[in-house]
Amino acid sequence: AHAAVWGEDPPLTALPRQIALPWCAVAERTLLQRRPVLTYASFNLHNWHRIDPTKPIALGNTRRSLNFLGGMDEEWFSAVHVAIEARAG
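Report on the accompanying structure. Keep in mind the model is a prediction, meaning the values are calculated, not measured.

**Some words on the overall build of the protein**
Stage number 1. Assigned secondary structure in the protein consists of four helices and two strands.
Stage number 2. For the protein, the sequential pattern of α-helices and β-strands runs α-α-α-β-β-α.
Stage number 3. Scaling as 2.2 N^0.38, a compact globule of 89 residues should have a C-alpha radius of gyration of about 12 Å, whereas the protein reaches 16 Å, well beyond that.
Stage number 4. Viewed in the frame of its principal axes, the protein has a C-alpha envelope of about 45 × 30 × 20 Å.
Stage number 5. The proportion of buried residues among the 89 residues of the protein is 19%.
Stage number 6. Taking the contacts inside the protein whose residues are at least 6 apart along the sequence as the reference set, 20% of them involve residues at least 24 apart.
Stage number 7. Carbon and sulfur atoms provide 61% of the accessible area of the protein, an area that totals close to 6900 Å².
Stage number 8. Charge separation in the protein, taken as the distance between the mean sites of 9 positive and 8 negative side-chain charges, equals 10 Å.

Following this line, the structure appears as structure tokens:
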């Protein structure tokens, strides 16, 4: 949906119905109760899991659940933020 908006020149002011309706439906059903936008919290803080559940949340023991491109830079961007937030409590 972000690509639909920002991929046009000038940017769209509204999403096409074919994108907006399913996206809003998913947002209404989510346990996170977030609006249908991609936020830092949604993409980083609520999009990871422990590689080894018996070990603490730390660099090297978290993995992003969903990625855009799947590269290591994307993986580590999220891992660093998750580790910082875990350490801060």
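From this point, the narrative continues.
**Here's the deal with helix α4 (residues 72–88)**
Stage number 1. Over its 17 residues, α4 extends 24 Å from the first C-alpha to the last, a length consistent with the 24 Å expected when each residue adds 1.5 Å.
Stage number 2. Buried positions along α4 lie against α3 (40–45), β1 (48–50) and β2 (62–64).
Stage number 3. G89 sits one or two residues past α4 and shows a positive phi near 85 degrees.

**Describing the environment of L45**
Stage number 1. Considering the arrangement of structural elements, one finds L45 in helix α3.
Stage number 2. Look at L45 and you get partly exposed, because its relative accessible area is 24%.
Stage number 3. Filtering out sequence-adjacent residues up to four positions away, L45 remains in contact with Y40, H81 and E85.

**Examining the pattern of salt bridges**
Stage number 1. Evaluated as defined, the whole model comprises one salt bridge.
Stage number 2. With a shortest N-O distance of 3.2 Å, R64 and E74 are connected by a salt bridge. With R64 in strand β2 and E74 in helix α4, this pair connects stretches of sequence that are ten residues apart. Residue R64 shares its accessibility class with E74, and that shared class is buried.

What counts and how
Residues numbered from 1 in each chain as written. Predicted model: local features only at pLDDT ≥ 70, side-chain atom pairs only at ≥ 80, totals over all residues. Heavy atoms only, no water. Helix = DSSP H or I, 4+ residues; strand = E, 2+ residues; numbered from the N terminus. Rg over C-alpha atoms; globule rule 2.2 N^0.38 Å. Buried < 20%, exposed > 50% of the residue type's maximum accessible area, 1.4 Å probe, protein only. Contact = heavy atoms within 4.5 Å. Areas by Shrake-Rupley, 256 points an atom, 1.4 Å probe, with all protein chains shown as cover. Lys, Arg positive; Asp, Glu negative; His and termini not counted. Charge placed at Lys NZ, Arg CZ, Asp CG, Glu CD. Expected span 1.5 Å × (residues − 1). Salt bridge = Lys/Arg side-chain N within 4 Å of Asp/Glu carboxyl O.

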